Amino acid sequence: MTIQKEFELFIGPNHPGATGNMSYHIWVEGDKVKKAETRVGYLHRGFEKLMEKRIWMQNVPLVCRICVPEPDVNEAAYSMAVEDLMGWEIPERAKYIRTIILEMARIGAHLLTVGGIAASLGIYTAAQWGVGDRDYLLDVFEEITGARVYHIYIWPGGVRWDLPKNAKELITKVLDYLESRLPLYDDLIMNNKVFVRRAADVGVVPKDKAVEWGVTGPNLRAAGYEYDIRKLEPYAAYDKIDFEVPYYPKLGEYEVLSEGSDIYTRTAIRMLEIQQSIKIIRQALKDMPEGDVILKHPQWFAWKVPAGYAYTHVESSKGEFGYFVVSDGGKKPVRVHVRGPSYTHGINVLETIAPGLNIADFAPTAISLDVCPPDIER
Amino acid sequence: MNHENWSKLARIMSKRSLWMIHFCTGCGAMEMPPVMTSRYDMERFGMHAMATPRQADVFLVTGYLAVKTLKRVVQVYEQMRDPKYVIGFGSCTINGGMYWDSYNTIKDLSKYIPVDVYIAGCMPRPEAIMDSFLKLFDMIDKGEAIGWQKYHKYYDQYKRNQRMAFSYRLDEVKDIKEDDKE
Amino acid sequence: MMAKELFPEAQEIRKGRIRIETQKDKVGEIIKKLKDNGYEHFVMLSCVDWIKEGKFELVYQMWSYQYKEHVMISIKINRDGESMLSMRHLFPQIETYEREIHEMFGVNFIGNPNLKEFILEGWPHMPPMRKDFDTEKFVKDFYYKIPEVKEE
Ligand code: SF4
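Residues numbered from 1 in each chain as written. Chains lettered and ligands numbered in written order. Predicted model: local features only at pLDDT ≥ 70, side-chain atom pairs only at ≥ 80, totals over all residues. Heavy atoms only, no water.

1. Remarks on the overall build of chain A
Now for step 1: In terms of regular secondary structure, chain A is built from 14 helices and eight strands.
Now for step 2: On C-alpha atoms alone, chain A measures out to a radius of gyration of 21 Å, which is about the 21 Å that the 2.2 N^0.38 rule sets for 378 residues.
Now for step 3: In terms of overall dimensions, chain A has a C-alpha envelope of 80 × 45 × 35 Å along the principal axes.
Now for step 4: Counting every position in chain A, which comprises 378 residues, the buried fraction comes to 69%.
Now for step 5: Taking contacts inside chain A between residues at least 6 apart in sequence as the whole, the part at least 24 apart equals 70%.
Now for step 6: A total of about 12,400 Å² of accessible surface is found on chain A, and carbon and sulfur atoms cover 52% of it.
Now for step 7: Counting 44 positive and 51 negative side-chain charges, chain A places the averaged centre of each group 4 Å from the other. (Helix = DSSP H or I, 4+ residues; strand = E, 2+ residues; numbered from the N terminus. Rg over C-alpha atoms; globule rule 2.2 N^0.38 Å. Buried < 20%, exposed > 50% of the residue type's maximum accessible area, 1.4 Å probe, protein only. Contact = heavy atoms within 4.5 Å. Areas by Shrake-Rupley, 256 points an atom, 1.4 Å probe, with all protein chains shown as cover. Lys, Arg positive; Asp, Glu negative; His and termini not counted. Charge placed at Lys NZ, Arg CZ, Asp CG, Glu CD.)

2. Observations regarding the packing of helix 11 (residues 263-287) of chain A against helix 13 (residues 359-368) of chain A
When two helices pack together, their arrangement is given by the angle between the helix axes and by the axis-to-axis distance.
All names here are of chain A.
Now for step 1: Two elements in contact, helix 11 and helix 13, have axes whose closest approach is 10 Å; the angle formed by their N-to-C orientations is 35°. As helix 11 packs across helix 13, the resulting crossing turns out to be left-handed. Every residue of helix 13 that contacts helix 11 at Ile263, Arg266 and Arg270 is listed here: Pro364, Thr365 and Ser368.
Now for step 2: Its residues assigned to classes, the contact of helix 11 with helix 13 shows two nonpolar, two polar and two charged. (Axes fitted to C-alpha atoms, helices over the stretch in contact; angles between N-to-C directions. Left-handed = near helix turned anticlockwise from the far one by under 90°. Nonpolar A, V, L, I, M, F, W, Y, C, P; charged D, E, K, R; others polar.)

3. Details of the packing of aromatic side chains
Now for step 1: With the rule as written, the count across this model stands at 35 aromatic pairs over all chains.
Now for step 2: Summarising the aromatic geometry, the rings of Tyr151 of chain B and Tyr155 of chain B are spaced 5.6 Å apart at their centres and angled 90° between planes, so their arrangement reads as edge-to-face.
Now for step 3: Given the relative accessible area of 3%, Tyr151 of chain B is considered buried.
Now for step 4: Centroid distance Phe138 of chain C to Tyr143 of chain C: 6.1 Å. Interplanar angle 90°. Geometry classified as edge-to-face. (Phe/Tyr/Trp six-rings, centres within 6.5 Å; stacked < 30°, edge-to-face > 60°.)

4. A look at the pattern of salt bridges
Residues and elements named next belong to chain A.
Now for step 1: Applying the stated rule across the entire model yields 49 salt bridges over all chains.
Now for step 2: Arg148 serves as the salt-bridge partner of Asp135, at 3.4 Å between the closest nitrogen and oxygen. With a gap of 13 residues between them, Asp135 in helix 5 (residues 124-145) and Arg148 in the loop between helix 5 and strand 4 (154-155) connect regions that are remote in the sequence. Residue Asp135 shares its accessibility class with Arg148, and that shared class is buried.
Now for step 3: Across the salt bridge formed by Glu179 and Arg282, the nearest N and O atoms sit 3.1 Å from each other. Placement of Glu179 in helix 6 (residues 167-190) and of Arg282 in helix 11 is noted, with a sequence separation of 103 residues between them.
Now for step 4: A residue is classified by how much of its surface remains accessible, and Arg282, at 27% relative accessible area, is partly exposed. (Salt bridge = Lys/Arg side-chain N within 4 Å of Asp/Glu carboxyl O.)

5. Notes on the interface of chain A and chain C
Now for step 1: With 41 residues of chain A in contact, the opposing surface of chain C contributes 43 residues.
Now for step 2: In this assembly, chain A packs against chain C so that about 3,700 Å² is buried in total across both faces, 59% of it on carbon and sulfur atoms.
Now for step 3: Of all residues in chain A, the largest losses of buried area upon contact with chain C belong to Lys49, Tyr309 and Tyr343 of chain A, amounting jointly to 19% of the total for that side.
Now for step 4: Connecting chain A to chain C are five salt bridges. (Buried area = accessible area lost by both parts, 1.4 Å probe.)

6. Digging into the site of the ligand
Now for step 1: Among the 14 residues in the neighbourhood of the ligand, the closest are listed as Cys27, Gly63, Cys92, Cys122 and Met123 of chain B.
Now for step 2: One finds residues of chains A and B in close proximity to the ligand.
Now for step 3: In the shell around the ligand, the residues fall into eight nonpolar, five polar and one charged. (Near = heavy atom within 4 Å.)

7. A look at the sheet that holds strand 2 (residues 17-21) of chain C
Residues and elements named next belong to chain C.
Now for step 1: Strand order in the open sheet made by the five strands is 1-2-5-4-3, with mixed pairing throughout. Each having just a single partner strand, strand 1 (11-14) and strand 3 (41-50) make up the two edges of the open sheet. Recorded for the sheet is a direction-independent mean angle of 25° between the axes of neighbouring strands.
Now for step 2: Across 10 bridges, the pairing between strand 4 (residues 55-64) and strand 5 (residues 69-78) is antiparallel. (Pairing = 2+ DSSP bridges.)

8. What to know about the sheet that holds strand 2 (residues 23-29) of chain A
Adjacent strands of a sheet form backbone hydrogen bonds with each other and so pair up, either parallel or antiparallel.
Residues and elements named next belong to chain A.
Now for step 1: On the basis of which strands lie adjacent, the open sheet formed by three strands has the order 1-2-3 and antiparallel pairing. Each edge of the open sheet carries a strand with a single partner, namely strand 1 (6-11) and strand 3 (32-39). Between one strand axis and the next, the sheet turns through 20° on average, direction left out of account.
Now for step 2: Where strand 1 lies against strand 2, six bridges are found, and the strand directions are antiparallel.

9. Observations concerning unusual backbone geometry
Among all residues save glycine, negative phi is the norm, and among peptide bonds the norm is trans.
Now for step 1: For the bond running from Tyr248 of chain A to Pro249 of chain A, omega is 0°, close enough to zero to count as cis.
Now for step 2: Checked against the element boundaries, Pro249 of chain A lands in the loop between helix 10 (229-232) and helix 11.
Now for step 3: Look at the link from Asp82 of chain B to Pro83 of chain B: it is a cis peptide, with omega at -10°.
Now for step 4: Of note, Pro83 of chain B is situated in the loop between helix 3 (67-79) and strand 5 (85-89).
Now for step 5: For Ile152 of chain A, which is not glycine, the phi dihedral falls at a positive 45°.
Now for step 6: Non-glycine residue Met123 of chain B carries a positive phi angle of around 60°.
Now for step 7: Position of Met123 of chain B among the secondary structure elements: in the loop between strand 7 (117-119) and helix 5 (126-142).
Now for step 8: Classification of Met123 of chain B as buried rests on a relative accessible area of 13%.

10. Here's the deal with the pairing of strand 2 of chain C
Residues and elements named next belong to chain C.
Now for step 1: For strand 2, the tally of buried residues reaches four of five residues, placing the bulk of the element in the interior.
Now for step 2: Between strand 1 and strand 2, which follow one another and run antiparallel, lie two residues, and Gly16 among them has a positive phi close to 80°.
Now for step 3: As paired strands, strand 2 and strand 5 are joined by five bridges and run parallel to one another. Its bridge partner being in strand 5, Glu21 is matched across the sheet by Ser74.

Right, here's the structure in full:
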């Protein structure tokens, strides 16, 4: 009798450990993963096709649906691409408002991810906290933009309307609250022995390969590169704001425990980024000038965007979000191609680093790479 | 106890402990974590997320369904035990929502599986979701949530539509009739 | 060295955005040269359908962290049936992009063994991202024609 050694295992799409509606097909021998394959396509809506059918302005509500946890980066990148082609310079106040909105979205997405990583390692309280705390941010978003999740607030030419009068107090209140919560997260997650044991040196993205594999964002910074698009090619008001980019091995108050971008370092970087984001929002609120928030252009719905190619990218909580926009001078785009950060993280990187992992470490690795399927398949 | 009273009692009992299948099918799934966790806390309705379809009673179809997902949704739905209830979440399940002209999303969920309650809105708020739960309880109480019975009754019609969608062709219908003859 | 110095034909279309128009057989060489000269991040590979000219434009995009510059290497191939050499040996993620373009536009990449189904499942029609595929018509003829379940 021969004993079958290798088994196939399907994680997802209906699986709490899968990161959203996607699935992984893994081959295991004993407890070790031999080979992994990412299966996507469950969320394909054909955005890029639909965008070719709609006029430039109608595309704003579409693009935000490409990344559900952090929709604003899409609006920002798309708007920047249109502004780029049009040759517009948006008002100063709008830049600051964009910065505030984008950073709030980043905090929300990071809270979800950190909670998710911890939950996948058995600390379910963290997921409850992360989602719960993010909800207070959503309340502020609702006050500012009118919607909880999809804000459609950043438009080509600026932002849709000015912040409400009490925005400053609202935002400051939430930031104060979050700041008071962060030490608790540290106690719960980062200083938790269970977490440290299971997260350190697991799911490592090697430093020498990270750039070549197309790793971006916090995952790249965890591997030891100080690359951040907010610094390299500042958009919105990031060039006027003074902030630090946390990267390995400068982990601030967290211990350096391992080498390369493992689950622990990736989580630590995200926690540090939340602190930086709070700092950025505070500063932006303080420095924000008065004035218009949107360019006064007639006929919003009859734009003809000059022919050309544009590529704009923003630093999202997951990595580089890029928009490649082609126009032929018409009322509708010829092609919009979105580069989602999960495209490389979720497919090539995960498939390459998965062999050798334990089955139980597979889901945390995927979540800590912040794989989010809608930006893979659009 | 006679049959009628018995099923009434069963309904009263079952509505108090509905378990929801944990399957995030579309972007509406983003409002599920707040509902499931501490802030809105659906556990106070006796609802809880469940990973396996065999122990779940409610299927929240959270938003648009790509055809590829529809296959999985049908599988999951068929694995669930009777009585089972479906909540269509967001305008995408009603008429396609903003993807009305997309080549890969099904437009009307009720053509493929029976839906008991719909929630309108493009990303319905948590309050709306909880309201739909209450409405579902009410319907179960009155014996109106009979989607699962419809699925048995019109099984061949649902299957026909599902097969059409899976193959992206309308003419697949013929084959199915031949199938039935065998 | 920056892209402008390496390739005289490169034009700067905007600050930090370089565009190189070239031929099919030079792409591998250019990507290799750029990769060795500090353009080490492969951003994406996209495909644009220029239906009036009867061409597909493939755009290979790379970014240099060092020079803060984005390079688009663009080639045009015939729409009907012309294939392209795979570049997957240069950057691993190109394989996925090629797989997607194969599925969505129908471009064949020689030397890529992994061109199987990626996003769609059992799609029997024309690759959907081509301009001559009319999604609105498809939806009207297909999804809206699926009959409703009749209840007695
Ligand atoms: S109704 Fe809106 S939120 Fe819900 S799935 Fe559709 S697009 Fe997403």
